[in-house]
Amino acid sequence: MPLDNNAGDGEFNKRLIAEVLEAYPDKSRKRRQKHLDVSRGVPEPEEGVSPADDAALSECNVKSNIKSIPGVMTIRGCAYAGSKGVVWGPIKDMVHISHGPVGCGHYSWSQRRNYYTGTTGVDTFVTMQVTSDFQERDIVFGGDKKLEKLIDEIGGLFPLAKGITIQSECPIGLIGDDIEAVARKKHKETGKTIVPVRCEGFRGVSQSLGHHIANDTVRDWVFDKKDHDGFETTPYDVNVIGDYNIGGDAWASRILLEEIGLRVVGNWSGDATLAELEHAPKAKLNLIHCYRSMNYICRHMEEKYNIPWMEYNFFGPSQIATSLRAIAARFDATIQENAERAIEKYKPFVDAVLARFKPRLEGKRVMLYVGGLRPRHVVNAYVDLGMEIAGTGYEFAHNDDYQRTGHYVKGGTLIYDDVTGYELEKFIEGIRPDLVGSGIKEKYSTQKMGVPFRQMHSWDYSGPYHGYDGFAIFARDMDLAINNPVWGLFKAPWKKSA
Amino acid sequence: MPQSAEKILDHAPLFRTPEYQEMLARKRQMECMPPAAEVEKTDAWTKSWEYREKNFAREALTINPAKACQPLGAVFVAAGFERTLSFVHGSQGCVAYYRSHLSRHFKEPCAAVSSSMTEDAAVFGGLQNMIDGLSNAYTLYSPKMIAVSTTCMAEVIGDDLQAFISTSRDKGSVPADFDVPYAHTPAFVGSHTTGYDNMLKGILEHFWKKRERTPGTGLNVIGGFDGYAVGNNRELKRILDLFGAEYTLLSDVSDQFDTPSDGEYRMYDGGTTIEATKDALHASATLSLQEWCTHKTLDYAKAQGQQVASLHYPLGVGGTDDLLQAIAELTGKEIPAELEKERGRLVDALADSQAYLHGKTYAIFGDPDFVYGMARFVLETGGEPRHCLATNGNATWEAQMQALFASTPFGAGCKAWGGKDLWHLRSLLATEPVDLLVGSSYGKYLERDCGVPLIRLSFPIFDRHHHHRFPVWGYQGGLRVLVTVLDKIFDKLDNDAVGIGEDISFDLTR
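Parameters and conventions
Residues numbered from 1 in each chain as written. Chains lettered and ligands numbered in written order. Predicted model: local features only at pLDDT ≥ 70, side-chain atom pairs only at ≥ 80, totals over all residues. Heavy atoms only, no water. Contact = heavy atoms within 4.5 Å. Buried area = accessible area lost by both parts, 1.4 Å probe. Salt bridge = Lys/Arg side-chain N within 4 Å of Asp/Glu carboxyl O. Polar contact = N/O pair within 3.5 Å; in protein donor to acceptor, adjacent residues only side chain to side chain. Phe/Tyr/Trp six-rings, centres within 6.5 Å; stacked < 30°, edge-to-face > 60°. Lys NZ or Arg CZ within 6 Å of the ring centre and 35° of its normal. Axes fitted to C-alpha atoms, helices over the stretch in contact; angles between N-to-C directions. Helix = DSSP H or I, 4+ residues; strand = E, 2+ residues; numbered from the N terminus. Parallel < 35°, antiparallel > 145°, perpendicular 65-115°, else oblique. Nonpolar A, V, L, I, M, F, W, Y, C, P; charged D, E, K, R; others polar. Pairing = 2+ DSSP bridges. Expected span 1.5 Å × (residues − 1). Disulfide = S-S within 2.5 Å. Buried < 20%, exposed > 50% of the residue type's maximum accessible area, 1.4 Å probe, protein only. Domains from an automatic or database assignment.

Q: What am I meant to see in the interface of chain B and chain A here?
A: Interfaces are often sized by the amount of accessible area the parts lose when they come together. In this complex, chain B contributes 105 residues to the contact, which on the side of chain A involves 116 residues. Of the roughly 9,300 Å² buried where chain B meets chain A, counting both sides, 63% is carbon and sulfur surface. The largest contributions to the chain B side of the interface with chain A come from Met30(B), Tyr97(B) and Phe188(B), which together make up 8% of the buried area. At the boundary of chain B with chain A, the tally comes to eleven salt bridges. Notably, a salt bridge pairs Glu108(B) with Lys448(A), separated by 2.9 Å at the nearest N-O pair. Where chain B packs against chain A, one counts 45 residue pairs in polar contact (both at pLDDT 80 or more).

What follows is the structure, given as structure tokens:
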């Protein structure tokens, strides 16, 4: 049977990988080759047999979640970035201390675009850089006393803060500070939630361990610490887990969930309050958007509180409809009818968006290199617009992410794990896609090559991209990136064409 | 629904639609946030004198500091040398941060590699990471020089760069004669300006230490850590060329952080050549444009027998006068007539606009030299730089600032705040308001909270594009700063007039 699930030129991509690997010293080549591959298509079902909803299109077998090689320009970050930057940082009514030297908090200050409502510096604190600004004496004598004192000072200056997290930077774990003891002591004194997080940047191999550590601290330092018996529940209570409200994503999702009759108890962690974390075990179902960064706490809630979880995807109309139906299927007929009604209601809007943008984007090829869920989750939003995915890869995925990727990409797609600056540049040069979606570090080098680019971590300061409202913005952004006249100006008219 | 295919609403208008406002109101019921009245009351209290005193009594807590850590400065200064790749020894997340930070400001790629040390390296040391890392970086990215600096992880465990690099060389990671200068750049000492100094000194030491100096006539010029280096360095070179000076700009990022879009990604572009860096040992003098970025480097140059001099970010009339006089003195060249004419043009512009500038009050924050240079310019315009704040400034810097204030009646009510952060500045602005705020993009939170218009200068500028492509140094740069300040003042006049609702004060000519 022919493998119809083939997108790009698999053979070409294999040659490209081989060429790129040539550049490495032997030892590094051997290590890197395990992270680069071409997805293998799986046979399409026989004619007349409709494929199962969860049928995979391909297999993506690369090694992942392994240490980066020194000196190759990995794009990855660290555990601190995963905890403070991703999971904890957006919790808006807590003060998050970047505990250690000044840099980590400085570079991550206000960069994730976790939108929130509130009065910053008074009842919310997300876009502030709060740090213990370690000096040499703190390294030598330890920082626990300083930490105690600054927790007191936070109490004095920010009385409306609901709690504090201590986000450890590299030195904390190396100098043997006991931040847990400080947290316990200060909790006893103040009665407020104080969470010590061991997310030193040298732990693990990427941001990923920081997500996991942050999840564990929610379990250990937040859950079951207060009495929430007064919290009134409904049969339609859900949590949204792993939506960081980048550019307002979580709001564009919440509005849909409410429309089909569900009530969102907690949104983790974009625009979240500490109460939303605490109340989460009261919900009936956990909806995970970013599986990579928050599956851990969902598994815990499943074990401890019997809350089932499911993944969903609100990028692009086809996935939104599939997800709405799948979510509704967990509830009664009313919710299911509401979901069908919502899908029907938005259909003319979706058609209008597609009518406007699809003709401008059809057939365009995209390469992605992003973080947790987007290298697969956004694929169908592009496909809805008639675009193709030529290559995709993750900064910090695990094996289960690549397994899931096979449900989104066709055979022949170039797959790269923890790609290096060198590899990505050569892959882009070789494939010459119409669009690259990656991060700020990749943006300008790609654009210099004449290849349109969108930042797919920060939505390039746009968004939301979730939900129906977000899809229109997504489509418009991809169009403006690709079809801007600037790409035609690169070559001076007096230069002969190549 | 609020969104439509014809008129696509971006986030700001989208979330202001009734549908979203109602949704957010429903969400608030789940949030358990404090009641609005309490928030309002607390907000007002945070802007009181009582709060200011509490805020200034802080001993351990730092909030919104206007400083970064050493390796950022090291990566910045190394980028100003020909085909030089920064290699930062330690945790890899740090390097991702420096690259992102510089890219967000310059809107340019920024290459740097890490030795990607993890837990095992924390236990056993990062030697193997250095050996493998140098080999990979050298092979993949074909640099002419690799500049090694450190993250705080490597510093805490005490990795010895000199020994590690030497071992790596022995193991064949890089050729025996390949240039690998280094500097220890602990994040828990000083700030990005310290890292600039340490790395620059490390590079000069690498090239100078085994060479004999033959005193010549050239001039070395160092710009210091500067977000406007692209425009400023080009202006500086124009000025030096007008002098006909024989000079070397030590670390010049003006091409590296301003590469063209023509289809080719240039990982390296421009920069001080390695030959020129070697020969810079023979220069008669080294002139630093930012004293606080170059203490160690200048000491080192002085120890080699060079004359040294330093300025404080040559901005405005007096700042540029000092620059030109320093160049004249150190090179023995006459100040070009053309520059004197430019001076006259800047003074002319100041005279034309003085009515709008006189008596305006300012808060200025940033690196010590920038704050000094900007405050000096404000004083020249008849303005009063009331609150001058440098998180990475110290008592000596405060004394320099006080001497500046004391030199003119306009400095009477002005005060310098070294070691303070932007949360301190918030209290200052709330209790003793000023007309204008000058600083980086981080000032936008102060603009919002305290209602003081922000003039974006210095580093980083994330939320406005391309400012750094134009100089603020020299008389030409002074003109540009002047126009920026005036535009803000005139815009405010117009906006305030519109607020009145009549055709009052909405003047066509000013």
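Q: Whenever I open this one, the packing of aromatic side chains confuses me. Can you help?
A: All names here are of chain A. Under the counting rule described, the total for this entry stands at 39 aromatic pairs over all chains. Members of the aromatic cluster, each reached through a chain of ring pairs, are Phe 315, Tyr 382, Trp 459, Tyr 465, Phe 471 and Phe 474. Directly above the aromatic system of Tyr 291 lies the positively charged group of Arg 404, at a separation of 3.8 Å from the ring centroid.

Q: What am I meant to see in the packing of helix α15 (residues 316-331) of chain B against helix α16 (residues 337-357) of chain B here?
A: A pair of packed helices is captured by two measures, namely the crossing angle of their axes and the spacing between those axes. Residue and element names in this part refer to chain B. Axis separation between α15 and α16 bottoms out at 10 Å; the angle between their running directions is 170°. Here α15 is positioned roughly antiparallel relative to α16, judged by the angle of their axes. Between α15 and α16, the residues in contact are Gly 316, Val 317, Asp 321 and Leu 324 and Leu 339, Arg 343, Leu 346, Val 347 and Leu 350, respectively. Among the residues forming the contact of α15 with α16, the class breakdown is six nonpolar, one polar and two charged.

Q: Help me out: how do you make sense of the sheet that holds strand β1 (residues 62-63) of chain B in this one?
A: The strands that make up a sheet pair up through hydrogen bonds in the backbone, lying either parallel or antiparallel. Taken in spatial order, the five strands line up as β7(A)-β6(A)-β4(A)-β5(A)-β1(B) in an open sheet, and their pairing is mixed. Sheet topology places β7 (193-197) of chain A together with β1 of chain B at the edges, where each strand pairs with a single neighbour. Relative to β1(B), strand β5 (residues 130-131) of chain A is paired through two bridges, and the arrangement is antiparallel. Looking across to β1(B), one finds that Val130(A) is bridged to Ile63(B). Along the sheet, helix α6 (residues 144-157) of chain A makes contact with β4 (94-99), β5, β6 (163-168) and β7 of chain A together with β1 of chain B, crossing β4(A) at roughly 150°.

Q: Would you mind showing me how to read the sheet that holds strand β9 (residues 263-269) of chain A here?
A: Residues and elements named next belong to chain A. On the basis of which strands lie adjacent, the open sheet formed by four strands has the order β9-β8-β10-β11 and parallel pairing. Lying at the two open borders of the sheet, with one neighbouring strand each, are β9 and β11 (309-311). This sheet shows a mean twist of 25° between the axes of neighbouring strands, independent of strand direction.

Q: Would you take a moment to explain helix α18 (residues 395-406) of chain B for this structure?
A: Residues and elements named next belong to chain B. Spanning twelve residues, α18 covers 16 Å between terminal C-alpha atoms, matching the ideal 16 Å at 1.5 Å per step. On its buried face, α18 is in contact with α17 (368-380), β10 (384-390) and β11 (415-418). Regarding α18, its N-cap is Asn 394, as a side-chain oxygen of that residue lies 3.1 Å from the backbone nitrogen of Thr 396 further along.

Q: What is the right way to read the state of the cysteines from this model?
A: Linking two cysteines covalently via their sulfur atoms produces the bond known as a disulfide. A complete count under the given rule lists zero disulfides over all chains for this structure. Residue Cys298(A) stays outside any disulfide, its sulfur separated by 10 Å from that of Cys290(A), the closest cysteine. Looking at Cys298(A), the relative accessible area reads 0%, which means it is buried. Here Cys293(B) stays free of any disulfide, with the sulfur of Cys69(B) as its closest cysteine sulfur at 15 Å.

Q: Where do I start with the domain arrangement of chain A in this structure?
A: Residues and elements named next belong to chain A. In terms of domain boundaries, chain A breaks down into domain 1 (10-71 + 362-461), domain 2 (79-221) and domain 3 (237-341). Averaged C-alpha coordinates put domain 2 and domain 3 at centres separated by 27 Å. At the interface, 22 residues of domain 2 touch 22 residues of domain 3. Interface area, domain 2 with domain 3, both sides summed: about 1,800 Å², of which 64% is carbon and sulfur. Looking at the side of domain 2 facing domain 3, the largest losses of area belong to Ile 91, Tyr 115 and Asn 215, adding up to 27% of the total buried there. One can count one salt bridge joining domain 2 with domain 3. Here Asp 271 ties to Lys 92 by a salt bridge, and the two come within 2.7 Å at their closest N and O atoms. Linking domain 2 with domain 3 are ten residue pairs in polar contact (both at pLDDT 80 or more), by the criterion used here. Of all the secondary-structure elements, those providing two or more residues to the side of domain 2 that touches domain 3 are α3 (79-88) and α9 (207-221). With six residues, α9 is the largest single contributor of residues to the side of domain 2 that touches domain 3. Across the side of domain 2 that touches domain 3, the residue classes tally to nine nonpolar, seven polar and six charged.

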